[in-house]
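Residues per chain, in single letters:
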Amino acid sequence: MVGHPGEGEDEYREIKNFVQTQRFERLGVFRYSEEDGTYAARYFKDEIPERIKQDRYEEIMEIQRHISLDINKKKIGEIIRVLIDSREGEYAVARTEFDSPEVDNDVL
């Protein structure tokens, strides 16, 4: 999550470094959004501008895109058990047991 109340440049840099160091195979990133009735909404002011939240989100997702691409390239030629969801032309569109439809990567 990026843009949580109290997240300054140092905290954001720590999140970014963590993502770069850990090299997650899969990563979801979310922008903080105040929700009525939550602890954060009651006790923290949502002071980070939406533009900054969006910029941080995009930067982390771009870092992750490169990591994911690198990891996936290393899988070329591997035999992986998949579930076929559909056929598109000469390809079967499938996913691994770790992937959710319409969220994660497709295997062609």
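Residues numbered from 1 in each chain as written. Predicted model: local features only at pLDDT ≥ 70, side-chain atom pairs only at ≥ 80, totals over all residues. Heavy atoms only, no water.

S.K.: Help me understand the overall build of the chain in this model?
M.R.: Check the secondary structure of the chain and you find three helices and two strands. What you see in the chain, going N to C, is helices and strands ordered as α-α-α-β-β. Taken over the C-alpha trace, the chain has a radius of gyration of 18 Å; the compact-globule value for 108 residues is 13 Å, which it surpasses by more than 25%. If you line up the chain on its principal axes, its C-alpha atoms span 55 × 30 × 20 Å. A total of 108 residues make up the chain; the buried ones form 23% of that total. Counted over contacts in the chain with a minimum sequence separation of 6, partners at least 24 positions apart contribute 56%. For the chain, the accessible surface area stands at approximately 8,300 Å², while carbon and sulfur atoms represent 51% of it. (Helix = DSSP H or I, 4+ residues; strand = E, 2+ residues; numbered from the N terminus. Rg over C-alpha atoms; globule rule 2.2 N^0.38 Å. Buried < 20%, exposed > 50% of the residue type's maximum accessible area, 1.4 Å probe, protein only. Contact = heavy atoms within 4.5 Å. Areas by Shrake-Rupley, 256 points an atom, 1.4 Å probe, with all protein chains shown as cover.)

S.K.: For this particular structure, what's the right way to read the confidence of the model for the chain?
M.R.: Averaged over every residue, the pLDDT of the chain is 93; residues scoring 70 or more account for 100%. Helix 2 (residues 39-43) is the least confidently modelled element of the chain, averaging 91 in pLDDT, while helix 1 (residues 9-22) averages 98, the highest of any element. (pLDDT = per-residue confidence, 0-100.)

S.K.: Which parts of the structure should I look at to understand the side chain of Asp-99?
M.R.: By the secondary structure assignment, Asp-99 is in the segment after strand 2 (91-96). Its relative accessible area of 7% is what places Asp-99 among the buried residues. For Asp-99, the side chain forms a polar contact with the side chain of Arg-26, separated by 2.5 Å. One polar contact links Asp-99 to Thr-96, side chain to side chain, over a distance of 2.8 Å. Ignoring anything within four residues of it in the chain, the contact list for Asp-99 reads Arg-26, Asp-104 and Asn-105. (Polar contact = N/O pair within 3.5 Å; in protein donor to acceptor, adjacent residues only side chain to side chain.)

S.K.: Is there a simple way to explain the packing of aromatic side chains in this structure?
M.R.: Remark: the centre distance and the inter-plane angle together describe each pair of aromatic rings, the angle taken between the planes. One pass over the structure, following the stated rule, counts three aromatic pairs. Taken together through their ring pairs, the aromatic side chains of Tyr-39, Tyr-43 and Phe-44 make up a single cluster. Lying across the ring of Tyr-57, Arg-31 places its NZ or CZ 4.3 Å from the centre. (Phe/Tyr/Trp six-rings, centres within 6.5 Å; stacked < 30°, edge-to-face > 60°. Lys NZ or Arg CZ within 6 Å of the ring centre and 35° of its normal.)

S.K.: Can you help me understand helix 1 in this one?
M.R.: The periodicity of an α-helix, 3.6 residues per turn, causes residues three or four positions apart to be oriented the same way. Across its 14 residues, helix 1 extends 20 Å between first and last C-alpha, which sits within 8% of the 20 Å expected from 1.5 Å per residue. When we look at burial in helix 1, the residues that qualify are Tyr-12, Lys-16 and Val-19. For helix 1, the buried positions fall inside an angular range of 60 degrees around the axis, keeping them on one side. For helix 1, exposure combined with an orientation more than 90 degrees from the buried face picks out Asp-10, Glu-14 and Thr-21. Elements in contact with the buried residues of helix 1: helix 3 (50-73). Positive backbone phi, approximately 50 degrees, marks Arg-23, located one or two places after helix 1. (Expected span 1.5 Å × (residues − 1). Arc of directions from axis to C-beta.)

S.K.: Which parts of the structure should I look at to understand unusual backbone geometry?
M.R.: Note: most residues except glycine have negative phi, and most peptide bonds are trans. Not every positive phi belongs to a glycine, and Arg-23 is a case in point at roughly 50 degrees. In this structure, Arg-23 sits in the loop between helix 1 and helix 2. Note on Arg-23: relative accessible area 36%, which makes it partly exposed. Backbone geometry at Glu-102 places phi at a positive 65 degrees, although glycine is not the residue there.

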